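The residues making up each chain are set out below.
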Amino acid sequence: MNIEVQTVVEVAAYVGGGLAMGFGAIGAAIGEGYTAARANEAISRNPKISGDIFKTMLVGQAVAESASIFALVVAILLLFMKVPFPTLLKAAAILGAGISMGFGAIGSGIGSGYPAAEACCGIARQPATASRLTTNMLIGSAVCQTPAIFSMVVALMLMFINFGGASLQPTWAAYLGAGLSMGLAAIGSGFGGGLAAGASCEGISRNPGTAASVTTIMLVGQAVAQTASIFGLLVSFILMFKSFPESTALSAAMALLSAGICMGFGGIGPGIGNGMAAGGAVQWVARNVEHAGDLMRIMLVGQAVSQSTAIYAMVVSLVLIFVV
Amino acid sequence: MAIEGADIVKAAAFIGAGIAMGLGAIGPGVGEGMTAAKACEAIGRNPKEAGLLTRTMLVGQAVAESTGIYSLVIALLLLFVV
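All residue numbers refer to positions counted from 1 along the written sequence of the respective chain. Starting at A for chains and at 1 for ligands, labels are handed out in the order in which the entities are written. In keeping with the model being predicted, local features are shown solely for residues with a pLDDT of at least 70 and side-chain atom pairs are shown and tallied solely at 80 or more, while totals for entire chains, interfaces and linings include all residues. Side-chain figures throughout are based on the complete set of non-hydrogen atoms in the structure, without hydrogens or water.

K.L.:
Pulling in residues and values, what's your account of the overall build of chain B?
P.N.:
When helices and strands are tallied, chain B shows three helices and zero strands. Note on conventions: DSSP H or I runs of at least 4 residues are helices, E runs of at least 2 residues are strands, and numbering of each starts at the N terminus. The N-to-C order of helical and strand elements in chain B reads α-α-α. Put simply, the radius of gyration uses C-alpha atoms, and a globule should come to 2.2 Å times the residue count raised to 0.38. For chain B, the C-alpha radius of gyration of 19 Å lies well beyond 12 Å, the compact-globule estimate for 82 residues. On the principal axes, the C-alpha backbone points of chain B span a range of 70 × 20 × 10 Å.

K.L.:
Please give an account of a nonpolar patch on the surface that cites residues and values.
P.N.:
Every patch collects residues that have over 30% relative accessible area and no salt bridge, joining them within 9 Å if they carry like charges and within 5 Å if they are nonpolar side chains (Val, Leu, Ile, Met, Phe, Trp, Tyr). Residue-level accessible areas treat just the shown protein chains as cover; the underlying method is Shrake-Rupley with a 1.4 Å probe. By definition here, a salt bridge exists when the distance from a side-chain nitrogen of Lys or Arg to a carboxyl oxygen of Asp or Glu is within 4 Å. On the surface, A:Phe322, A:Val323, A:Val324, B:Ile69, B:Val73, B:Ile74, B:Leu76, B:Leu77, B:Phe80, B:Val81 and B:Val82 cluster together into a nonpolar patch covering about 990 Å² of accessible area. If you tally residues by element for the nonpolar patch, the top one is helix H3 (residues 50-80) of chain B, at six residues. Checked against the element boundaries, B:Val81 lands in the segment after H3.

K.L.:
Outline helix H2 (residues 26-45) of chain B, supporting the account with residue identities and numerical values.
P.N.:
In a helix, the anticipated span is given by 1.5 Å times the number of residues less one. In this model H2(B) runs 29 Å from its N-terminal to its C-terminal C-alpha over 20 residues, within 8% of the 28 Å that 1.5 Å per residue would give. The set of residues buried in H2(B) consists of B:Pro28, B:Gly29, B:Val30, B:Glu32, B:Gly33, B:Ala36, B:Ala37, B:Ala39, B:Cys40, B:Glu41, B:Ile43 and B:Gly44. Contacts are assigned to residue pairs that have any heavy atoms within 4.5 Å of one another. Taken together, the buried residues of H2(B) touch helix H7 (250-287) and helix H8 (292-322) of chain A together with helix H1 (5-24) and H3 of chain B. Remark: exposure states derive from per-residue accessible area (1.4 Å probe, protein chains only) relative to the maximum for the residue type, with buried under 20%, exposed over 50%, and partly exposed in between.

K.L.:
Quick one: what's the story with the confidence of the model for chain B, residue by residue and with numbers?
P.N.:
A low pLDDT means the predicted coordinates there should not be read in detail. All names here are of chain B. pLDDT measures how confident the predictor is about each residue, on a scale from 0 to 100. Of the residues in chain B, 96% reach a pLDDT of 70 or more, and the chain-wide mean stands at 93. Mean pLDDT across the secondary structure elements of chain B bottoms out at H1, with 94, and peaks at H2, with 96. In the model output, the complex is listed with pTM 0.94 alongside ipTM 0.93.

K.L.:
Run through unusual backbone geometry, naming residues and quoting values.
P.N.:
In this model, A:Gln169 is joined to A:Pro170 through a cis peptide bond whose omega is 0°. Positionally, A:Pro170 belongs in helix H5 (residues 168-206).

K.L.:
Tell me what's going on with the pattern of salt bridges, and back it up with residues and numbers.
P.N.:
All names here are of chain A. Per the counting criterion, the structure on display carries eight salt bridges over all chains. The salt bridge involving Arg45 is made with Glu41; its shortest N-O contact spans 3.2 Å. Residue Arg45 and its partner Glu41 are both found in helix H1 (residues 5-45); the two are separated by four residues, about one turn of the helix. Because the salt bridges share partners, they merge into one network encompassing Arg38, Glu41, Arg45 and Glu118.

K.L.:
Talk me through the interface of chain A and chain B; I want residue IDs and the actual numbers.
P.N.:
Contacts between the two partners involve 42 residues from chain A and, on the opposite side, 43 residues from chain B. Both faces considered, chain A and chain B share a buried interface measuring about 3,400 Å² in area, 80% of it formed by carbon and sulfur atoms. Together, A:Trp284, A:Ile298 and A:Tyr312 form the three largest contributors to the area buried by chain A at its contact with chain B, with a combined 19%. Residues adjacent in sequence count toward polar contacts only when both atoms are side-chain atoms; beyond that, a polar contact is any pair of N or O atoms within 3.5 Å, and within protein one must be able to donate a hydrogen and the other to accept it. Viewed at the interface, chain B and chain A are joined by twelve residue pairs in polar contact (both at pLDDT 80 or more). At the level of secondary structure, the elements contributing two or more residues to the side of chain A that touches chain B comprise H7 and H8 of chain A. Looking at the side of chain A that touches chain B, the element that brings in the most residues is H7(A), giving 20 residues. Side-chain classes follow a simple rule in which Ala, Val, Leu, Ile, Met, Phe, Trp, Tyr, Cys and Pro form the nonpolar group, Asp, Glu, Lys and Arg form the charged group, and the remainder, Gly included, forms the polar group. Grouping the constituent residues of the side of chain A that touches chain B by class yields 27 nonpolar, 14 polar and one charged. Simply put, the buried area is the total loss of 1.4 Å probe accessible area from both parts when two parts are fitted together.

K.L.:
Could you give me a rundown of the packing of H1(A) against helix H3 (residues 88-125) of chain A, with the residues and numbers involved?
P.N.:
Residue and element names in this part refer to chain A. In the contact formed by H1 and H3, the axes pass within 8 Å of each other and the chain directions differ by 5°. In terms of axis orientation, H1 runs roughly parallel to H3. Residue classes in the contact of H1 with H3 are distributed as 31 nonpolar, nine polar and five charged. Here an angle of 0 to 180 degrees is reported between the N-to-C directions of two axes, which are lines fitted to C-alpha atoms, with helices fitted over the stretch in contact. When describing relative orientation, an angle under 35 degrees is termed roughly parallel and one over 145 degrees roughly antiparallel, while 65 to 115 degrees is termed roughly perpendicular and anything else oblique.

K.L.:
Kindly report on H1(B), identifying the contributing residues and their values.
P.N.:
Between the first and last C-alpha of H1(B) there are 28 Å, a value that for 20 residues agrees with the 28 Å anticipated at 1.5 Å per step. For H1(B), every residue scored as buried is listed here: B:Asp7, B:Ala11, B:Ala13, B:Phe14, B:Ala17, B:Gly18, B:Met21, B:Gly22 and B:Gly24. If you follow the buried residues of H1(B), they end up packed against H7 and H8 of chain A together with H2 and H3 of chain B.

K.L.:
I'd like a description of the packing of aromatic side chains, backed by residues and values.
P.N.:
Residues and elements named next belong to chain A. Any two rings among Phe, Tyr and Trp, with Trp reduced to its six-membered ring, count as a pair given centres within 6.5 Å; such a pair is stacked if its planes are under 30 degrees apart, edge-to-face if over 60, and tilted if neither. Under the criterion given, the structure shown has six aromatic pairs over all chains. Centre to centre, the rings of Phe23 and Phe103 are 4.6 Å apart; their planes meet at 35°, and the pair counts as tilted. Taken together, the positions of Phe23 in helix H1 and Phe103 in helix H3 put the pair 80 residues apart, joining distant regions of the chain. Accessibility expressed as a relative area gives 31% for Phe23, which makes it partly exposed. Within the aromatic cluster, the residues linked to one another by ring pairs are Phe163, Tyr175, Phe237 and Phe241. Definition used: whenever NZ (Lys) or CZ (Arg) falls within 6 Å of the ring centre and also within 35 degrees of the ring normal, the charge is taken to sit over that ring. One cation-aromatic arrangement involves Arg287 over Trp284; the distance from NZ or CZ to the ring centre is 5.4 Å.

Structure below.
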């Protein structure tokens, strides 16, 4: 059976488009569903301001939707893109782009649902804080979207950068690995950032006087939770731009693919864990603002320890890329 | 492309190392984050005991870390020894 290179590239683009949109639809749908559920709860508690709650729900859902809109854009580009010089390497890069965007949208979609849900409940509890809550919700869910944006950037780079005369073996595995590394590592950070943002909306509605401290500690916590996805971005950049000596050995290719798998999965847990720690700290800063300093300190210590396994994963994937 | 037995073994060891460390990192990351969240809650409720709570949190996280270290050890064994 003789398959033309053009056909392989098209197959990769269609499969990649399917993966991007299929996986990319999971997160936003769950997050928005959670928001809608909590909005119903909020309206049943305080039906008089149902209009405000409904509006906040829609704004929050629109932000959560953006993760899957990124996936839709990448999927449509993949379906209709024309590849000027089709090569087998380009086919691998295109498939990697679909993987990166598909997995990368899951965490941000789920995560952005939490601040929107807590903002709806918060408005039912304290209608006077509605504008403050909406602002905090928008800041928090915008930060949740960063991992999805990283994934989109990696996907677009894989699709449109001309990587030139890199050798097919083993570079094809590096492009797939780049997609896996970024896509999977984005799941944890997006979800974790959402936990922190949700806790901050809840905290502000319970104790509006603490809003400034709560927003600050939420942003610090979310920033630390993003580190896992930044490690994923770093590994995928190395995989995309390092030139690998030509080698037909299977092991050379598998080392690069494995580097992406290792960093990708390794980023999930620490991202979620850091978000939980940030959520716990934010929740209690709202209740006990005099001890915000102590809480920030213990949050950062706890996050640093929780980050360690992501660092191990990064070390193993760098060893796989540079040493073996 | 001729694939030799030794090459397949090496490729499998590399993939195994990536899976061991990658999946092995999920549990400790989530578990230690939960510990830190609860430690924040405890300090929020009883700030006087911050020192004791920090110590307890760190000991608990160190124990939860052990499985992550096992994964790292197995990954490094697969990369350099096997």
